[in-house]
Amino acid sequence: MIMQPVSVGGPPTPASSAPAAIIDSEDPAVKEFAAVAAGGCADNRGAAVAIYYAVRDGFRYDPYTVDLSIAGLSASGVLQSGRGWCIPKAALMAACCRAVGIPARVGLADVRNHLATRKLLDMLGTDVFYCHGYTSVWLEGRWIKATPAFNRELCTRAGIAPLEFDGCVDSINHPFDLAGQRHMEYLAMHGEFDEVPRDYVVATLTQRYPSLKQLPGSDWDEDIEEEFKAS
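Residues numbered from 1 in each chain as written. Predicted model: local features only at pLDDT ≥ 70, side-chain atom pairs only at ≥ 80, totals over all residues. Heavy atoms only, no water.

## Focus on the environment of A34
Right, on to step 1. Among the secondary structure elements, A34 is positioned in helix α1 (residues 28-38).
Right, on to step 2. Judged by its relative accessible area of 0%, A34 falls in the buried class.
Right, on to step 3. The spatial distance from the C-alpha of A34 to the C-alpha of E153 is 22 Å, given a sequence separation of 119 residues.
Right, on to step 4. For A34, the residues in contact, after removing those within four places along its chain, are C96, A99 and V100. (Helix = DSSP H or I, 4+ residues; strand = E, 2+ residues; numbered from the N terminus. Buried < 20%, exposed > 50% of the residue type's maximum accessible area, 1.4 Å probe, protein only. Contact = heavy atoms within 4.5 Å.)

## Details of the packing of α1 against helix α5 (residues 86-99)
Right, on to step 1. Orientation of α1 relative to α5, taken along the N-to-C sense of each, is 75°, at an axis distance of 8 Å. Classified by the angle their axes make, α1 and α5 are roughly perpendicular. Contacts between α1 and α5 pair V30, K31, F33 and A34 from the former with A95, C96 and A99 from the latter.
Right, on to step 2. Residue composition of the contact of α1 with α5, by class: six nonpolar, no polar and one charged. (Axes fitted to C-alpha atoms, helices over the stretch in contact; angles between N-to-C directions. Parallel < 35°, antiparallel > 145°, perpendicular 65-115°, else oblique. Nonpolar A, V, L, I, M, F, W, Y, C, P; charged D, E, K, R; others polar.)

## Section: the pairing of strand β3 (residues 104-113)
Right, on to step 1. With nine of 10 residues buried, β3 lies mostly within the body of the structure.
Right, on to step 2. The pairing of β3 with strand β4 (residues 128-139) spans eight bridges and is classified as antiparallel. Along β4, the bridge assignment pairs R112 with V128.
Right, on to step 3. Across eight bridges, β3 lies against strand β6 (residues 184-193) in antiparallel orientation. If you follow D110 over to β6, its bridge partner there is A188. (Pairing = 2+ DSSP bridges.)

## So, the packing of aromatic side chains
Right, on to step 1. Evaluated as defined, the whole model comprises eight aromatic pairs.
Right, on to step 2. Residues Y61 and F150 carry aromatic rings whose centres are separated by 4.6 Å and whose planes lie at 85° to one another, so their mutual orientation is edge-to-face. With Y61 in strand β1 (residues 60-61) and F150 in the loop between β5 (142-146) and α7 (152-158), the pair connects residues that are 89 residues apart, well separated along the chain.
Right, on to step 3. Using a relative accessible area of 4% as the deciding quantity, one classes Y61 as buried.
Right, on to step 4. Joined through ring pairs, the aromatic side chains of Y61, Y64, F150 and W220 make up one cluster. (Phe/Tyr/Trp six-rings, centres within 6.5 Å; stacked < 30°, edge-to-face > 60°.)

## Some details on the sheet that holds β5
Picture the strands of a sheet paired through backbone hydrogen bonds; they go either parallel or antiparallel.
Right, on to step 1. The strand order across the open sheet built from four strands is β5-β4-β3-β6, with neighbouring strands paired in antiparallel fashion. Of all strands in the sheet, those with a lone pairing partner are β5 and β6, marking the two edges. For this sheet, the mean angle separating the axes of adjacent strands, direction not counted, is 35°.
Right, on to step 2. With five bridges joining them, β4 and β5 adopt antiparallel strand pairing. What sits directly across from T135, in β5, is A146.

## A few points about the packing of α1 against helix α2 (residues 44-58)
Right, on to step 1. Put simply, α1 and α2 touch, their axes get as near as 8 Å, and they point 115° apart. The chirality of how α1 crosses α2 is right-handed. Counted together, F33, A37 and A38 of α1 and A47, A50, I51, A54 and V55 of α2 form the full contact between these two elements.
Right, on to step 2. Of the residues assigned to the contact of α1 with α2, the class counts are eight nonpolar, no polar and no charged. (Left-handed = near helix turned anticlockwise from the far one by under 90°.)

## Overview of α5
Right, on to step 1. The end-to-end C-alpha distance of α5, which contains 14 residues, comes to 20 Å, matching closely the 20 Å that a straight helix rising 1.5 Å per residue would cover.
Right, on to step 2. Phi for G101, located one or two positions after α5, is positive at around 90°. (Expected span 1.5 Å × (residues − 1).)

## Observations concerning α2
Because each turn of an α-helix spans 3.6 residues, side chains separated by three or four positions end up pointing in the same direction.
Right, on to step 1. Over its 15 residues, α2 extends 20 Å from the first C-alpha to the last, a length consistent with the 21 Å expected when each residue adds 1.5 Å.
Right, on to step 2. Inspection of α2 places A47, A48, V49, I51, Y52, V55 and R56 among the buried residues, and these make up the whole buried set.
Right, on to step 3. Buried residues belonging to α2 abut α1, α5, β4, β5 and α7.

Here you go:
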């Protein structure tokens, strides 16, 4: 069944705080990680910010590891592997927020992404990344977007300012890198979801990327280093 997005401007639903198969906030490892990340924070905003940085920099962004199974997309799966691409990392932040009592959900958007290797772009056949994942968090009576995908080390290698989050304003990817080159453009918003709509994501990505199962067999970190060393 294809899940429908919730109203972006509306208040959280009960499902925005409940554990789910992919946003598995009841997983013991997720609960422990969230408690440690948010420990000592005085309010929800501080906790959400702390969780953001723990997820952003504690787990490497790696689009070579796309796994569209429930386990592969799950928050707990990122904890186990130590890395993940945008949707699982967004799910991890959402799950951690729920684990400490903050409503959260996952949003999907189509973006034109210039932070990629030539190998990946050749495989995809485009520089448009469909169903790019971000996290939306309910703070002080409104939804605020955060994008924990790209870890600081990756951004430094690529000459891109790491995306910061203060819990007050939306944090989506900067349109330009440190050299003034365009970095990422948001092309379309799919909506925000109380659970990652796996069927929708699978259908979209397999349609848009016929060669998705032929992901590069090399190491993402090494390829990124070579890519941006050359540029």
